[in-house]
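This is what each chain is made of:
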Amino acid sequence: MILGPVEEELAKARAAYRNRGRWGEDDALGTLNFADDAIRAHAASLVRRGRAFSLAQERDESGSGAGTRWHGLGRSHDDDRVWHGSSRTTTGGDSVTGVGHVRGACTGRGVLLDVGRAVGDARGELPDGFPILEEHLRDTVEAQGATSSVRRGDIVLVRTGQLGRVRRLGTWDAYRAGDAPGLSFTTLGWLHRTEIAAIATDTWGLEVRPHEFTEPVSSPLHRTAIPHMGLPLGEMWDLEALAADCAADGVHEFLLVAAALPVTGAAGAPVHPVAVK
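Bear in mind the structure is a predicted one, so any value in this text is a computation, not a measurement.

S.K.: Please set out the pairing of strand β9 (residues 253-257) residue by residue, giving values where relevant.
M.R.: Summarising burial for β9: four of the five residues are buried, a large majority. Pairing analysis gives five bridges linking strand β3 (residues 107-114) to β9, with the strands arranged antiparallel. In the sheet register, Thr-107 faces β9, and the bridge partner there is Val-257. The pairing of β9 with strand β11 (residues 274-276) spans three bridges and is antiparallel. Counterpart to Val-257 in the pairing with β11 is Val-274.

S.K.: Report on the side chain of Gln-57, specifying residues and quantitative values.
M.R.: Its location among the elements puts Gln-57 in the loop between β1 (52-54) and β2 (69-71). A distance of 3.1 Å separates the side chain of Gln-57 from the side chain of Tyr-175, its partner in a polar contact. Not counting the four nearest positions on each side in its chain, Gln-57 is found in contact with Thr-68, Leu-163, Arg-167, Trp-172, Tyr-175, Met-236 and Asp-238.

S.K.: Residue-level account of the pairing of strand β7 (residues 198-201), with values.
M.R.: Neither face of β7 is open: one carries Ala-198 and Ala-200, the other Ile-199 and Thr-201, and all of them are buried. Inspection of the sheet shows strand β5 (residues 155-159) paired to β7 by four bridges, in the parallel sense. Across the sheet, Leu-157 pairs through a bridge with Ala-200, a residue of β7. Relative to strand β8 (residues 233-235), β7 runs parallel, the two sharing two bridges. Counted as the bridge partner of Ile-199 is Leu-233 from β8.

S.K.: Would you mind going over the sheet that holds β5 in detail, with residue names and values included?
M.R.: One open sheet holds the nine strands; their spatial order is β1-β11-β9-β3-β5-β7-β8-β2-β10, and the pairing between them is mixed. If you trace the sheet from one side to the other, it starts and ends with β1 and β10 (268-270), each paired once. Each strand axis lies, on average, 25° off the axis of its neighbour in the sheet, ignoring direction. Relative to β3, helix α2 (residues 37-45) is tilted by about 60°, and along the sheet it contacts β3 and β9. Contacts from helix α8 (residues 220-229) reach β2 and β8, with the element oriented near 135° to β8.

S.K.: Tell me about helix α5 (residues 162-169), and name the residues and values.
M.R.: Within α5, burial applies to Gln-162, Leu-163, Gly-164, Arg-165 and Val-166. On its buried side, α5 packs onto α6 (172-177) and α9 (240-249). Directly beyond the C-terminal end of α5, a positive phi value near 75° is found at Gly-170.

S.K.: Tell me about the pattern of salt bridges, and name the residues and values.
M.R.: Evaluation of the coordinates by the stated rule reveals 23 salt bridges. A salt bridge links Asp-37 to Arg-40; its shortest N-O distance comes to 2.9 Å. Of this pair, Asp-37 and Arg-40 both sit in helix α2, three residues apart, which is roughly one turn of that helix. Using a relative accessible area of 58% as the deciding quantity, one classes Asp-37 as exposed. Residue Asp-173 pairs with Arg-176 through a salt bridge whose shortest N-O separation is 2.2 Å. One end of the pair, Asp-173, and the other, Arg-176, are both in helix α6, three residues apart, so they sit about a helical turn from each other.

The rules behind the values
Residues numbered from 1 in each chain as written. Predicted model: local features only at pLDDT ≥ 70, side-chain atom pairs only at ≥ 80, totals over all residues. Heavy atoms only, no water. Buried < 20%, exposed > 50% of the residue type's maximum accessible area, 1.4 Å probe, protein only. Helix = DSSP H or I, 4+ residues; strand = E, 2+ residues; numbered from the N terminus. Pairing = 2+ DSSP bridges. Polar contact = N/O pair within 3.5 Å; in protein donor to acceptor, adjacent residues only side chain to side chain. Contact = heavy atoms within 4.5 Å. Axes fitted to C-alpha atoms, helices over the stretch in contact; angles between N-to-C directions. Salt bridge = Lys/Arg side-chain N within 4 Å of Asp/Glu carboxyl O.

Structural data, given as structure tokens:
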């Protein structure tokens, strides 16, 4: 899929999917506001077996020094502005929307959408460069059943299978910088309409690479989802063991505890997410 001129598409997305100001001028949570106490109480009731799954990669597994992370609301900017219109993060740190403000908000009902298993190859993997469209997300929910229905305030985890593939093949350089399956820019409408709290994937950069524009562009989905929609984005999550268990028992919802390390002023931070079923 090839999209129109970059700036034109970004302008349309900013206008259509804007949450800026929705929760007040001083808000530091963005769409995490959707995950209220009632949703977290319900998420706790989903624990039936007590089986816990670590969703974190080893810190330097990819050889880059990077690991499983959240991008907070000061991380990505568009037109030199971050969440609620403040100027981009400076060397002094993000005192307004830094991940230190989030703390326990990244706890709630987690839902795994195993797109790799639903629409990928026999190994349950999507090919590099595969753009995940809204129809693929809907088809995955339909294939997995009722426990994967996406609701307001959910933290959605999208498995592409790329992490499993690079582990098997040892192609970590491509994982960091090469083509990758990921969310299409066109899924912004779904992300906004479903009112999810946050989303994370098993890839380095969450969105599809190469991007779907004829012109060069850096992280176009990030540039709308974070500073305008207020949606935290998670990257490099290890979903392999959780996905195998969900496929085995048919249950794709769980309690998810995924607080980022509360680094004062940080626009993003490492996280050790744990899913409990």
